[in-house]
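# Secondary and tertiary structure notes
What follows is the residue order along each chain.
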Amino acid sequence: MGKITFIEHDDTEHVVEFKAGASLMQIAVENMIPGIDGDCGGECACGTCHVIVADEWYDKTATPGDDEQQMLSMTPELAKTSRLGCQIQTTEAMDGMTVRLPEFQM
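Quick look at the structure, then. Bear in mind that the values here come from a model prediction, so they are computed numbers and not experimental data. (Residues numbered from 1 in each chain as written. Predicted model: local features only at pLDDT ≥ 70, side-chain atom pairs only at ≥ 80, totals over all residues. Heavy atoms only, no water.)

## Considerations on the overall build of the protein chain
Each helix and strand counted, the protein chain has 3 helices and 5 strands in total. When the elements of the protein chain are put in sequence order from the N terminus, they spell out β-β-α-β-α-α-β-β. Taking the principal axes of its C-alpha atoms as reference, the protein chain extends roughly 35 × 30 × 25 Å. Within the protein chain, residue pairs in contact and separated by at least 24 positions form 65% of the contacts whose partners lie at least 6 positions apart. As presented, the protein chain carries roughly 5,700 Å² of accessible surface, and 46% of it is formed by carbon and sulfur atoms. (Helix = DSSP H or I, 4+ residues; strand = E, 2+ residues; numbered from the N terminus. Contact = heavy atoms within 4.5 Å. Areas by Shrake-Rupley, 256 points an atom, 1.4 Å probe, with all protein chains shown as cover.)

So this is what it looks like as structure tokens:
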């Protein structure tokens, strides 16, 4: 088991445990993290699981695909390390990762 810290736009932190293999969106929804909705159930079709990965962790999240990039292009709070949580499959190497949540989801 590892730990991931979700930081809300108002700097409220939520440290949760995870098992490798679950998506970041699944982990957030299962732990009732405010601001992560996952309306499409992880199909990369809604953008309601937008997270901003801390710079030092971004390379561990793999490369965003075309569908994800298209969804992210519509978000008003796009950052250089923006990702959709449903597209990040966690690994043991992500233990300690920090992600910020935008103020608004799509």
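Having put the structure on the table, let's press on.
## Structural notes on the environment of Leu84
By secondary structure assignment, the location of Leu84 is in strand β4 (residues 82-84). Spatially, the C-alpha atoms of Leu84 and Cys49 are 5.4 Å apart, while their sequence positions differ by 35 residues. Those residues in contact with Leu84 that lie beyond four places of it in its chain are Cys44, Gly47, Cys49, His50, Glu68, Met71 and Leu72.

## Section: the sheet that holds strand β2 (residues 13-18)
Spatially, 5 strands are ordered β2-β1-β5-β3-β4 in an open sheet, and the strand pairing comes out mixed. The sheet is open, and its two edges are formed by β2 and β4, each paired on a single side. Here the average twist between neighbouring strands, direction ignored, is 35°. In terms of strand pairing, strand β3 (residues 50-53) meets strand β5 (residues 98-100) through 2 bridges, oriented antiparallel. Bridge assignment links Val53 to a residue of β5, and that residue is Val99. (Pairing = 2+ DSSP bridges. Axes fitted to C-alpha atoms, helices over the stretch in contact; angles between N-to-C directions.)

## Some remarks on the environment of Ala20
Along the chain, the position of Ala20 falls in the loop between β2 and α1 (24-30). Along the sequence, Ala20 and His50 sit 30 residues apart, while their C-alpha atoms lie 20 Å from each other. Each residue touching Ala20, except ones within four places of it in the same chain, is listed here: Thr90, Thr91 and Glu92.

## Description of the nonpolar core
Counting 26 residues, the largest nonpolar core has Phe6, Leu24, Ile36, Val51, Val53 and Met97 as the members making the most contacts within it. Counting only elements with at least two residues in this core, the list comes to β1 (2-7), β2, α1, β3, α2 (55-58) and α3 (66-72). Here the element with the most residues in this core is α1; it accounts for 4 residues. When residues no more than four places from it in sequence are discounted, the contact partners of Val51 are Leu24, Ile36, Thr81, Ser82, Arg83, Gly85, Ile88, Val99, Arg100 and Leu101. (Core = buried A, V, L, I, M, F, W, Y, C linked by side-chain atoms within 4.5 Å. Buried < 20%, exposed > 50% of the residue type's maximum accessible area, 1.4 Å probe, protein only.)

## What about the environment of Asn31?
Residue placement: Asn31 occurs in the loop between α1 and β3. Note: C-alpha distance between Asn31 and Val15 (16 residues apart in sequence) is 9.6 Å.

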